[in-house]
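Read off the chains here:
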Amino acid sequence: MAISLCLLYLLLFITCCLTISMSEMVLFPLTHSLSKTLFTTPHHLLKTTSARSAARFHHRNHRLKQVSLPLSSGSDYTLSFTLGSPSSQTISLYLDTGSDLVWLPCSPFECILCESKAPPLSSPLNLSSSATAVPCKSSACSAAHSSLPSSDLCAIARCPLDSIETSDCNSFPCPPFYYAYGDGSLIARLFKDSLTLPNSLSIQNFTFGCAHTTLAEPVGVAGFGFGRLSLPAQLSSVSPQLGNRFSYCLVSHSFDSDKVRRPSPLILGRYEEKEKQFGNENVEFVYTDMLSNPKHPYFYSVGLEGISVGKRNIPAPDNLKRVDRGGSGGMVVDSGTTFTMLPASLYDAVVNEFDHRVGRFYERASAVEETTGLSPCYFYDKVAKVPVISLHFAGNGSSVVLHRRNYFYEFLDGDDGVRKKRNVGCLMLMNGGDEEELSGGPGATLGNYQQQGFEVVYDLEKRKIGFARRQCSSLWDSLKN
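Residues numbered from 1 in each chain as written. Predicted model: local features only at pLDDT ≥ 70, side-chain atom pairs only at ≥ 80, totals over all residues. Heavy atoms only, no water.

J.: Quick one: what's the story with the overall build of the protein, residue by residue and with numbers?
T.: If you tally the helices and strands in the protein, you get 11 helices and 27 strands. The proportion of buried residues among the 481 residues of the protein is 54%. Of the contacts formed within the protein by residues at least 6 apart in sequence, a portion of 71% connects residues at least 24 apart. For the protein, the accessible surface area stands at approximately 21,100 Å², while carbon and sulfur atoms represent 53% of it. (Helix = DSSP H or I, 4+ residues; strand = E, 2+ residues; numbered from the N terminus. Buried < 20%, exposed > 50% of the residue type's maximum accessible area, 1.4 Å probe, protein only. Contact = heavy atoms within 4.5 Å. Areas by Shrake-Rupley, 256 points an atom, 1.4 Å probe, with all protein chains shown as cover.)

Here is the structure:
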């Protein structure tokens, strides 16, 4: 009988291991949360989006001089999964590669100063019967409290001294923690519960923050940055082949939901040799090394060598090529910032070269620049001819040629019935400010709009980021079938 039980347990163990090992890939559908239907005019849409990109970038750098903060919570792309057992609830969160915590609103929930924010994507979570509080002595508790020693946290949780000395504080929960973004904050408690991925793979004891009160953060966040509490890190502890590598391919949308007939694929796992096996595309990835940031370890930073406008290569300032000991410099590859932010010197050089090539043929749309927050903008009749823009990352041949639609947004001006209708196009790169203002934080951010139409791979094991042009909607169909 004992032998039979041992064989049964062994069989169950092997089955479990096989289930995980066979799950070489998990596919999430990413949904874009912005649409023209949310705004009265294209000018309003662009002004709101450019202002939010600037705020996410600037608030982070100004406040980072006092305390290390992640990026503002992502607010463009969302993913969903189920949490809890036996009664589960579907949760929708923002994808954010600029932070390292998974948190969600819990019932009862209050969001302060959220009147102008997007409505919640799902109902606040009612903790299931299987949810348990994370103990004060755990490493997860220390991670949520900025690496504060577990003995201090257990003391805050009122664990008796003799229990602290004997490491017997399992019944005392991790104290509430404060988590701040560039433009919002929250107080939450850590819990563990089962999380189920789209392929039905379940992560037992998944750690997340349960927030009852937030400031300007009505929607939860799935942090994908470096850090032991991020979703990839926790997945890696169960299935390294899934957690050590992820990628996404953002479908080009031009802020028009009618153009998006497929979701953007978020892919967990999938190794390099399998990347070219989907569809009939000729896929060629270029890779650049991630830069370590001692002050902001959750960022995915890379070195930017320069930007080409047409055939002219404009070198990047030195602070974009590396990250110093104080955490200054480099370019963050970010899923939550919409438009790319550049330091003033590089931005001005790119704009001057772009205007030199385009401004000779088209009328400058100064009034449109004022109402959209983007510059330069031009009126044109049929099809505007604009130079190709390429990004040159550190590494041999690590250059990415952007699609025209990645950096030149075209729309109809005067569609309000007041002004004459005219075609207009705007360069979608933004001025991030002087290098001195950016001290203590990233020197630039690669926004998600410039990443559309590319599969962007984050290889956490090899510490590389790769880019390849893809038909993202076709990639979704290939992976789904």
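Next, the rest of the story.
J.: Go over the sheet that holds strand E19 (residues 377-380), please, and point to the residues and values.
T.: The strand order E18-E19-E23-E22 describes an open sheet built from four strands, whose pairing is antiparallel. Two strands bound the open sheet, and with one partner strand each, they are strand E18 (363-364) and strand E22 (408-413). One ladder, built from four bridges, connects E19 with strand E23 (residues 422-427); its direction is antiparallel. The residue of E23 that forms the bridge with Cys377 is Cys426. (Pairing = 2+ DSSP bridges.)

J.: Can you break down the pattern of salt bridges residue by residue, with the values?
T.: Per the counting criterion, the structure on display carries 11 salt bridges. The salt bridge involving Asp289 is made with Lys464; its shortest N-O contact spans 2.6 Å. Of this pair, Asp289 sits in strand E12 (residues 286-291) while Lys464 sits in strand E27 (residues 464-469), placing them 175 residues apart in sequence. Classification of Asp289 by relative accessible area gives partly exposed; the value is 42%. Residue Lys464 is classed as partly exposed on the basis of its relative accessible area of 28%. The shortest N-O distance in the salt bridge between Arg364 and Glu369 comes to 2.5 Å. With a relative accessible area of 15%, Glu369 lands in the buried category. Each of Arg312, Glu353 and Arg357 takes part in one network of salt bridges that share partners. (Salt bridge = Lys/Arg side-chain N within 4 Å of Asp/Glu carboxyl O.)

Purely geometric stuff here, so don't read any function into it on its own.
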